[in-house]
Amino acid sequence: MSELQKGETLEKLPETCDLRRLGFDAASITQVKLIHKKHSNRLYRIEYDGQSFILKWFADSTQSIEVRSYELLAKYGVPTLPVHGRTENALLLEDLAMSLIWRLAEDADIEC
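Read on for a plain summary of the structure. (Residues numbered from 1 in each chain as written. Predicted model: local features only at pLDDT ≥ 70, side-chain atom pairs only at ≥ 80, totals over all residues. Heavy atoms only, no water.)

## Thoughts on the overall build of the protein chain
Applied cut-off: The way it works is that DSSP assigns letters per residue, a run of H or I at least four long becomes a helix, a run of E at least two long becomes a strand, and they are numbered from the N terminus. By definition in these notes, contact holds between two residues if any of their heavy atoms fall within 4.5 Å. All accessibility values rest on the Shrake-Rupley procedure with a 1.4 Å probe; residue burial counts only the protein chains present in the view. Positive charges come from Lys and Arg alone, negative charges from Asp and Glu alone, with His and the N- and C-terminal ends not counted. The atoms used to mark charge sites are NZ of Lys, CZ of Arg, CG of Asp and CD of Glu.
A tally of helices and strands in the protein chain yields 1 helix and 5 strands. Scanning the protein chain from its N terminus toward the C terminus, one meets helices and strands in the order β-β-β-α-β-β. Considering only C-alpha atoms, the protein chain reaches an extent of 45 × 35 × 25 Å along its principal axes. Considering only contacts in the protein chain between residues 6 or more positions apart, those separated by 24 or more positions represent 38%. Counting every atom, the protein chain has about 7800 Å² of accessible surface; 51% of that belongs to carbon and sulfur. Side-chain charges in the protein chain split into 14 positive and 18 negative, and the spacing between the mean points of these groups amounts to 5 Å.

## Looking at the sheet that holds strand 3 (residues 51-58)
To be explicit about the condition: Strands pair, by our definition, only if DSSP identifies at least two bridges between them. What counts as an axis is a line fitted to C-alpha atoms, over the stretch in contact for a helix, and the angles between N-to-C directions run from 0 to 180 degrees.
One open sheet holds the 5 strands; their spatial order is 1-2-3-5-4, and the pairing between them is antiparallel. One side of each edge strand has no neighbouring strand; the edge strands of this open sheet are strand 1 (29-38) and strand 4 (83-87). For this sheet the average axis-to-axis angle between neighbouring strands, irrespective of direction, equals 20°. Across 8 bridges, the pairing between strand 2 (residues 41-48) and strand 3 is antiparallel. Paired with N41 across the two strands is F58, which belongs to strand 3.

## Notes on the nonpolar core
What tends to happen in soluble globular proteins is that the nonpolar side chains get buried as a cluster. Quick reminder of the rule: We define the nonpolar core as a collection of buried residues of types Ala, Val, Leu, Ile, Met, Phe, Trp, Tyr and Cys that are connected through side-chain atoms lying within 4.5 Å of one another. Accessible area is worked out with a 1.4 Å probe on protein chains only. A residue is then buried under 20% of its type maximum, exposed over 50%, and partly exposed in between.
Of all hydrophobic cores here, the largest spans 15 residues; its most connected members are L13, L19, F24, I29, I46 and L55. Put simply, the parts of the chain that give this core at least two residues each are strand 1, strand 2, strand 3 and strand 5 (90-94). Those residues within four positions of L55 in sequence are excluded, and the remaining contacts are L13, C17, L19, L22, R42, L43, Y44, I46, A90, L91 and L92. In this structure, V67, Y70, L91 and L93 belong to the second largest nonpolar core, which totals 5 residues.

## Examining the environment of E15
Take E15: it is sitting in the segment before strand 1. Classification of E15 by relative accessible area gives exposed; the value is 77%. Note: C-alpha distance between E15 and L43 (28 residues apart in sequence) is 15 Å.

## Some remarks on unusual backbone geometry
Its identity is not glycine, yet H39 carries a phi of approximately 55°, on the positive side. As for its placement among the helices and strands, H39 is situated in the loop between strand 1 and strand 2. Despite not being glycine, D49 shows a phi value in the positive range, around 50°. Note that D49 resides in the loop between strand 2 and strand 3. Judged by relative accessible area, which is 57%, D49 ranks as exposed.

## Some thoughts on the pairing of strand 5
Two faces, one strand: in a regular strand the side chains alternate between the faces of the sheet. Across the 5 residues of strand 5, 5 count as buried, placing the element largely inside the fold. Of the strand pairs in this sheet, strand 3 and strand 5 are connected by 5 bridges, and their pairing is antiparallel. If you follow I54 over to strand 5, its bridge partner there is L93. Summarising the sheet, strand 4 and strand 5 pair through 4 bridges and their orientation is antiparallel. By the bridge assignment, R86 is partnered in strand 5 with L91. Here strand 4 hands over to strand 5 after 2 residues, the two strands then running antiparallel side by side.

Right, here's the structure in full:
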């Protein structure tokens, strides 16, 4: 991986998480930061080639219902967040915190 600038983070991904399968060249990754951990699942922010992505990684591919759900939604043309890559146990999504088009939901977005 490339050299990091002061203040940047490079955290270790699980051994079974091969970023090449998601189209990444390791030399262009400038940041990997764990932002959420629950059970054996992980959420990482990855900065790559001047862009920021969210990697949702599921330790057990048989339990990664979200990956299969995104595939099903795409099959039927249902709009979702842009999926930049997927494997049987990982989704690579647009980073909403950095997106010019998308944003995180707010309380006002929910109608009761």
